[in-house]
Amino acid sequence: MPPPRIYKTAAIVLRQINLGEADKIITLYTPNLGKVRAVAKGIRRARSRLSGHLETLNHCMLVLARGRNLDVIDQGQTVHGFSSLKENLWLTGCAIYAADLVDSFTGENIENPPLFDLLLNTLSRFEEGQSPELNRHYFELHLLRCLGYRPQLRSCPGCRALLKPVTNYFSAGAGGVLCPNCHLSVSSARPVSSGALRALLLLERSEYGAVGNLKLLPEVSREVEGVIRGYLSYLLEGEARSVRFLDRLRRDGLSGSA
Amino acid sequence: MGTGFVSTAAPVSRLMEELQQLPGVGPKTAARLAYFLLRAPEAQARALAEAIVDIKEKIVLCSQCQNITESDPCPVCQNPARDHSRVCVVAEPLDILALERTGRYKGLYHVLHGLISPLEGIGPDQLKIKDLMARLNVGGVQELVLATNPNLEGDATAMYLHRMVTPLGLRVTRLARGLPVGGDLEYADEVTLGRALDGRQEM
Ligand SMILES: [Zn+2]
Ligand SMILES: [Zn+2]
């Protein structure tokens, strides 16, 4: 049976680019169809019925019609626009980064409902004022888990020995944390203190509710950031573009929540 | 290039290829335009070609407001009748035309030539923000009107500018949200835009 010509779906808007005079191509993330790129006709005109509903990061309900090349968005209604998140520069940057990672790591039409839920919950937590840093790292680690790139954090990928609470070494190429012995045979491994490893494990193995109040020491936080960032850019063969904006805000002293 | 015109003479296909580089022009439109110009009187084709060359040779950016202009400083920046204590920040030169059509704004402008767009890798350094900060540091400006599009990029840019100019102690206002969210400023009608100007709010 051919798929229906018209379908309805929830979606989070990941990004958009202009097309022609007044149209846009909108990249959506949906629970059951994964990433979908669709055309929104006339949306840049002030009087378009769609305008405002399909802003980037919006959670919306859409009716789409199958097209020859790209599907066409026929109706759209915002479920939640995250407007208070969007009034905060740092949170906006963090939320854009989350959307950017989902876009960068997924192909079109590959369903992954847990990833949709993760993104939606992450945006909600940014908006609720949960620790942006913890929320961001939780998101990164659980995104990797949803996509099958879970890093090995419990036993050494080299010799399979359980990791001891000493300084071990993260290797993106090995896909996890190597023990002090095995790291000697790998050129680019990054030291991970036992505190940072515990934090990574806790973030990766827990529900958000269990770790939301975790307080990371600044040096542990820097290590966690370094490990995850190194691993993500290894997998993406380069950094996500939106990372640069977060770096820039930090440099300008604008990474606070004000 | 897949235009379907296999036996097209080389100069025509070259024109079609150039036209296809323009925004919103696909192979079919390019072919239609090329054949229109082929049949048009020579004077008309020449006028178009000269107009295109002129914008490259005669247009510069105003060293003050970064708008495109034939003379530097531009007529707006040079006009003593305008309120030099007020600067309105816009993304594109076309936005100035839209705001001027309302006839309600008498201050100066500053064109950023884009908006902060983290997903496209466009940050403050790719925009005329350093120039704006230099201009404000000179003094004399009392109000900064942020007239960026009411969408994620426009908001991010406005928030960034607001945070950056806070130490200067200026009045910072933002166009009111009478504007349809997600729309381009360029497409807003005069009434909506005029109202949005009148109702601009402190940031
Ligand atoms: Zn080992
Ligand atoms: Zn000027």
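Structure: above.
Here goes a summary of the coordinates provided. Keep in mind that what you see is a predicted model, and the values were worked out from it rather than measured.

Description of the environment of Lys 35 of chain A
Residues and elements named next belong to chain A. Relative to the elements of secondary structure, Lys 35 occurs in strand 3 (residues 34–40). C-alpha separation for the pair Lys 35 and Asn 112, spaced 77 residues apart in sequence, amounts to 9.1 Å. Apart from the residues lying within four places of it in its own chain, the contact partners of Lys 35 are Leu 14, Thr 27, Leu 28, Tyr 29, Asp 103, Thr 106, Gly 107, Glu 108 and Asn 109. Polar contacts involving the side chain of Lys 35 include one to the side chain of Asp 103, which spans 2.8 Å.

So, the interface of chain B and chain A
The interface is formed by 23 residues belonging to chain B together with 34 residues belonging to chain A. In total, chain B and chain A occlude about 2,500 Å² of area from one another, counting both sides; carbon and sulfur atoms represent 60% of this. In this assembly, chain B and chain A are joined by three salt bridges. As a salt-bridge pair, Arg 248 of chain A and Asp 125 of chain B come within 2.7 Å of each other at their nearest N and O atoms. Seen at the junction of chain B and chain A, the total is seven residue pairs in polar contact (both at pLDDT 80 or more).

Looking at the sheet that holds strand 8 (residues 190–192) of chain A
Residues and elements named next belong to chain A. The three strands are arranged 7-6-8 in an open sheet whose pairing can be described as antiparallel. For this open sheet the edge positions go to strand 7 (176–178) and strand 8, each flanked by a neighbour on one side alone. Going across the sheet, the axis of each strand differs from the next one's by a mean of 45°, ignoring polarity. Each of strand 6 (168–171) and strand 8 touches helix 6 (residues 218–236); the most contacted strand, strand 8, lies at about 140° to it.

With respect to helix 1 (residues 89–105) of chain A
All names here are of chain A. Relative to the 24 Å expected for 17 residues at 1.5 Å per residue, helix 1 spans 24 Å between its end C-alpha atoms, a close match to the ideal helical length. When you tally the buried positions in helix 1, you get 16 out of 17 residues, the bulk of the element. Measuring from the backbone nitrogen of Trp 90 back to the side-chain oxygen at the start of helix 1 gives 3.0 Å, which picks out Asn 88 as the cap.

Topic: the coordination of the zinc ion (ligand 2)
All names here are of chain B. With distances of 2.3 Å, the protein atoms coordinating the zinc ion (ligand 2) are Cys 62 (SG), Cys 65 (SG), Cys 74 (SG) and Cys 77 (SG). Classification of the site at the zinc ion (ligand 2) rests on its four donor atoms, whose angles at the metal span 104 to 117°, yielding the label tetrahedral. If you list the donors of the zinc ion (ligand 2) from N- to C-terminus, the spacing comes out as C-x2-C-x8-C-x2-C. Residues Cys 65 and Cys 74 agree in their burial class; the two are buried.

Side note on the pairing of strand 6 of chain A
Residue and element names in this part refer to chain A. Neither face of strand 6 is left uncovered, since the one carrying Asn 168 and Phe 170 and the one carrying Tyr 169 and Ser 171 both have all their residues buried. Bridge analysis of strand 6 against strand 8 gives three bridges, and the strand direction is antiparallel. By the bridge assignment for strand 8, Phe 170 is matched with Arg 190. Inspection of the sheet shows strand 6 paired to strand 7 by three bridges, in the antiparallel sense. Within strand 7, the position partnered with Tyr 169 by the bridge is Leu 178. Following strand 6, the chain reverses through four residues before pairing antiparallel with strand 7; Gly 175 in that reversal takes a positive phi of roughly 75°.

Re a nonpolar patch on the surface
Side chains of Ile 55, Ile 59, Leu 61 and Ile 68 of chain B sit close together on the surface and give an oily, nonpolar patch of about 320 Å² of accessible area. Its place among the elements puts Ile 55 of chain B in helix 3 (residues 42–57).

Structural notes on the coordination of the zinc ion (ligand 1)
All names here are of chain A. Every protein donor of the zinc ion (ligand 1) is accounted for by Cys 156 (SG), Cys 159 (SG), Cys 179 (SG) and Cys 182 (SG), and the metal-donor separations fall at 2.2 to 2.3 Å. Coordination geometry of the zinc ion (ligand 1): the four donor atoms subtend angles of 103 to 113° at the metal centre, consistent with an arrangement described as tetrahedral. Summarised as a motif, the one-chain spacing of the donors to the zinc ion (ligand 1) is C-x2-C-x19-C-x2-C. Taken together, the residues Cys 156 in the loop between helix 3 (132–146) and strand 6 and Cys 179 in the loop between strand 7 and strand 8 connect sequence positions 23 residues apart.

Quick notes on the packing of helix 3 of chain A against helix 6 of chain A
How two helices pack is summed up by the angle between their axes together with the distance between the axes. Residues and elements named next belong to chain A. Orientation of helix 3 relative to helix 6, taken along the N-to-C sense of each, is 35°, at an axis distance of 11 Å. Crossing handedness for the pair helix 3 and helix 6: left-handed. Two secondary-structure elements touch here, helix 3 through Glu 133, Arg 136, His 137, Glu 140, Leu 141 and Leu 144 and helix 6 through Ser 221, Val 224, Glu 225, Ile 228, Tyr 231, Leu 232 and Leu 235. Tallied by class, the residues present in the contact of helix 3 with helix 6 amount to seven nonpolar, two polar and four charged.

Some thoughts on the sheet that holds strand 3 of chain A
Residues and elements named next belong to chain A. Judged by pairing direction, the barrel is mixed, and its five strands sit side by side in the order 1-2-3-5-4 before closing back on the first. Recorded for the sheet is a direction-independent mean angle of 50° between the axes of neighbouring strands. Relative to strand 5 (residues 71–80), strand 4 (residues 59–65) is paired through seven bridges, and the arrangement is antiparallel. Paired with Met 61 across the two strands is Gln 77, which belongs to strand 5. In the packing of helix 1 onto the sheet, the strands contacted are strand 1 (6–19), strand 2 (23–30) and strand 3, and the crossing angle to strand 1 comes to about 105°. Sheet strands in contact with helix 2 (residues 113–127) are strand 1, strand 2, strand 4 and strand 5, and its direction is about 65° off that of strand 1.

Cut-off values and rules
- Residues numbered from 1 in each chain as written.
- Chains lettered and ligands numbered in written order.
- Predicted model: local features only at pLDDT ≥ 70, side-chain atom pairs only at ≥ 80, totals over all residues.
- Heavy atoms only, no water.
- Helix = DSSP H or I, 4+ residues; strand = E, 2+ residues; numbered from the N terminus.
- Contact = heavy atoms within 4.5 Å.
- Polar contact = N/O pair within 3.5 Å; in protein donor to acceptor, adjacent residues only side chain to side chain.
- Buried area = accessible area lost by both parts, 1.4 Å probe.
- Salt bridge = Lys/Arg side-chain N within 4 Å of Asp/Glu carboxyl O.
- Pairing = 2+ DSSP bridges.
- Axes fitted to C-alpha atoms, helices over the stretch in contact; angles between N-to-C directions.
- Expected span 1.5 Å × (residues − 1).
- Buried < 20%, exposed > 50% of the residue type's maximum accessible area, 1.4 Å probe, protein only.
- Donors = N, O, S within 2.8 Å, 3.2 Å for Na, K, Ca; no water.
- Tetrahedral: all angles 85-135°; square planar, octahedral: opposite > 155°, others 65-115°.
- Patch = residues over 30% accessible without salt bridge, like charges linked within 9 Å, V, L, I, M, F, W, Y side chains within 5 Å.
- Areas by Shrake-Rupley, 256 points an atom, 1.4 Å probe, with all protein chains shown as cover.
- Left-handed = near helix turned anticlockwise from the far one by under 90°.
- Nonpolar A, V, L, I, M, F, W, Y, C, P; charged D, E, K, R; others polar.

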